[in-house]
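# Coordinates in review
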Amino acid sequence: MRGIKNVEIHATDISNEFLEFAQKAHYPATAADDMSAEEKTFFDVSGGQLCPVASVRSAVTFLPPCSFVDSVLTESYDVVFVSNALTYVTPAEQATAIANISHYNMRYLVLTAFHQQTIKPDLMANGYEAVPDNLEEIHNSWGDRIAKDAPLDHSWMLPPFSKIQDYEYKYCALFRKLR
Ligand SMILES: C[S@@+](CC[C@H](N)C(=O)[O-])C[C@H]1O[C@@H](n2cnc3c(N)ncnc32)[C@H](O)[C@@H]1O
């Protein structure tokens, strides 16, 4: 965690319906079936449903629905996650989003699923570098979403890890802000 204490989390999504589902935070108990033992410690099972533990629930404040592409957030954040959502916007919007996020993100940016072909220039233009720690292990934990015939532009499938040009960015999820 590099000295970062995970005490306060602000969460949002462009879809109000999705936010309401996240706020309710009730999932089928079977969702735990393929979680690691450590992941399971973040959930309670009650009435046949899985629910995040109270300490996690109380750490999260849900913001009104907004788009990460152009929303102006007034707080600043040590860590920003854009989780499985950059592939819902175009490559040009990805570039705009990363420039926008860099205004309120102070240290680390965690991106899962993005436009691989343009991620390096998008990040470098805004003062980010890749953090290669556990790069391959993190990518491989995508599990059944990794497929040999995944297209090089984006889809829900991801190509297997390989040391192609700029793999340190294309296969990375963790980025650090340098300025
Ligand atoms: C596959 S879901 C991922 C949800 C969640 N972030 C996660 O990782 O489990 C993709 C989400 O991206 C959201 N999304 C798409 N475009 C967005 C945008 N421009 N700003 C914020 N959220 C967006 C969609 O509404 C959808 O809920």
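Residues numbered from 1 in each chain as written. Predicted model: local features only at pLDDT ≥ 70, side-chain atom pairs only at ≥ 80, totals over all residues. Heavy atoms only, no water.

With that out of the way, let us pick up the overall build of the protein chain. A tally of regular secondary structure across the protein chain gives 7 helices and 9 strands. Here the C-alpha radius of gyration of the protein chain, 17 Å, is about what a compact globule of 179 residues would show, namely 16 Å. In terms of its C-alpha atoms, the protein chain occupies a principal-axis envelope of roughly 50 × 40 × 35 Å. When the 179 residues of the protein chain are sorted by exposure, 34% land in the buried category. Across the protein chain, every contact between residues at least 6 apart in sequence was considered, and the portion connecting residues at least 24 apart equals 69%. (Helix = DSSP H or I, 4+ residues; strand = E, 2+ residues; numbered from the N terminus. Rg over C-alpha atoms; globule rule 2.2 N^0.38 Å. Buried < 20%, exposed > 50% of the residue type's maximum accessible area, 1.4 Å probe, protein only. Contact = heavy atoms within 4.5 Å.)

The next point concerns the site of the ligand. Around the ligand, the structure places 13 residues, and the nearest of them are Asp13, Phe18, Ser67, Ser83 and Asn84. Isoleucine 14 places a polar main-chain atom, nitrogen or oxygen, 3.2 Å from a nitrogen atom of the ligand. Contact distances for the ligand include 2.4 Å between an oxygen atom and a side-chain N or O atom of serine 83. Surface burial for the ligand is 72%, taken as the share of its 590 Å² of free accessible area covered by protein chains. Within the shell around the ligand, the residues separate by chemical class into 8 nonpolar, 4 polar and 1 charged. (Near = heavy atom within 4 Å. Polar contact = N/O pair within 3.5 Å; in protein donor to acceptor, adjacent residues only side chain to side chain. Areas by Shrake-Rupley, 256 points an atom, 1.4 Å probe, with all protein chains shown as cover. Nonpolar A, V, L, I, M, F, W, Y, C, P; charged D, E, K, R; others polar.)

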